[in-house]
Number of protein chains: 2
Amino acid sequence: MAEEMKSKEKGPENVIFVGKKPNMSYVLAAVTQFTHGQKEIHIKARGQSISKAVDVAEIVRNKFVTDAKITKITTGTEQLKGSEGSSKEFVGVSTIEITMSK
Amino acid sequence: MAEEMKSKEKGPENVIFVGKKPNMSYVLAAVTQFTHGQKEIHIKARGQSISKAVDVAEIVRNKFVTDAKITKITTGTEQLKGSEGSSKEFVGVSTIEITMSK
């Protein structure tokens, strides 16, 4: 039902959040997902980690799971709460979600 | 002559190569394209600038050209020539191309 739809987005098992660890940590996580039978994974990141998320997806498909494809990439903006008194032009942080399927 | 050719900055008029300048330089370039009648622009970047390219696209569509949409995002890997003797696992550099249309 509705819960079934949400579990696709929320289910932590096929979502990899890319942060400050080395690239290969996330590559390993992604490869593990696929080798454990997962057909679709979501690589998410925000801010400066977006570049790393793209690196991870590219490494996975070029070097490790060559039958996996990037099927969708979406970007968005998250509004930040803090930073009071900030006069920055852009008070959001960009996000990316890369969907890979095999 | 040690003329610093920024070949990355060249190209068709509706292509914006995101590099080391401040975000707003590229945002301005993109907004200018749209206000001059361009219906589609391509924002390209590689390596660490990928995050900035996403920022630029998000700023453009959220703040300046709100009827523009991100219609396509593709990623790729460019092989590096240099880096002799490098034993890095990943000798490519990731690239991104964000297509925006209005």
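1. Concerning the pattern of salt bridges
Residue and element names in this part refer to chain A.
Right, so step 1: What the rule picks out here adds up to 5 salt bridges over all chains.
Right, so step 2: Where R61 meets E58, a salt bridge forms, and the shortest distance between an N and an O atom there is 2.7 Å. Placement of the pair is R61 and E58 together in helix 3 (residues 49-64), with a separation of 3 residues, close to one helical turn.
Right, so step 3: On the accessibility criterion, R61 (23% relative accessible area) is partly exposed.

2. A word on the relation of the copies chain A and chain B
Right, so step 1: Superposing chain A onto chain B requires a rotation of 180° together with a translation of 0.0 Å along the rotation axis, leaving an RMSD of 0.0 Å. The transformation just described matches what one would write down for a two-fold rotation axis. Among all residues of chain A, the one whose C-alpha sits closest to the rotation axis is A:S51, at a distance of 2.6 Å.
Right, so step 2: Take the interface residues of chain A: 100% of them recur as interface residues in chain B, which is what a same-surface contact looks like.

3. Brief notes about helix 2 (residues 49-64) of chain B
Right, so step 1: For helix 2 of chain B, which comprises 16 residues, the first-to-last C-alpha distance of 21 Å matches the rise-based estimate of 22 Å (1.5 Å per residue) to within 8%.
Right, so step 2: Of all the residues in helix 2 of chain B, the buried ones are B:S49, B:I50, B:S51, B:A53, B:V54, B:D55, B:V56, B:A57, B:E58, B:I59 and B:V60.

4. Re the interface of chain A and chain B
Right, so step 1: Listed per partner, the contact involves 23 residues of chain A and 23 residues of chain B.
Right, so step 2: Seen at the junction of chain A and chain B, the total is 0 salt bridges.
Right, so step 3: At the boundary of chain A and chain B, one finds 17 residue pairs in polar contact (both at pLDDT 80 or more).
Right, so step 4: Where the side of chain A that touches chain B is concerned, the elements lending two or more residues are helix 3, strand 3 (69-79) and strand 4 (92-101) of chain A.
Right, so step 5: Looking at which element gives the most residues to the side of chain A that touches chain B, the answer is helix 3 of chain A, with 11 residues.

Definitions and cut-offs
Residues numbered from 1 in each chain as written. Chains lettered and ligands numbered in written order. Predicted model: local features only at pLDDT ≥ 70, side-chain atom pairs only at ≥ 80, totals over all residues. Heavy atoms only, no water. Salt bridge = Lys/Arg side-chain N within 4 Å of Asp/Glu carboxyl O. Helix = DSSP H or I, 4+ residues; strand = E, 2+ residues; numbered from the N terminus. Buried < 20%, exposed > 50% of the residue type's maximum accessible area, 1.4 Å probe, protein only. Least-squares fit on C-alpha atoms with pLDDT ≥ 70 in both. Contact = heavy atoms within 4.5 Å. Expected span 1.5 Å × (residues − 1). Polar contact = N/O pair within 3.5 Å; in protein donor to acceptor, adjacent residues only side chain to side chain.

What is shown is where atoms sit, not what they do.
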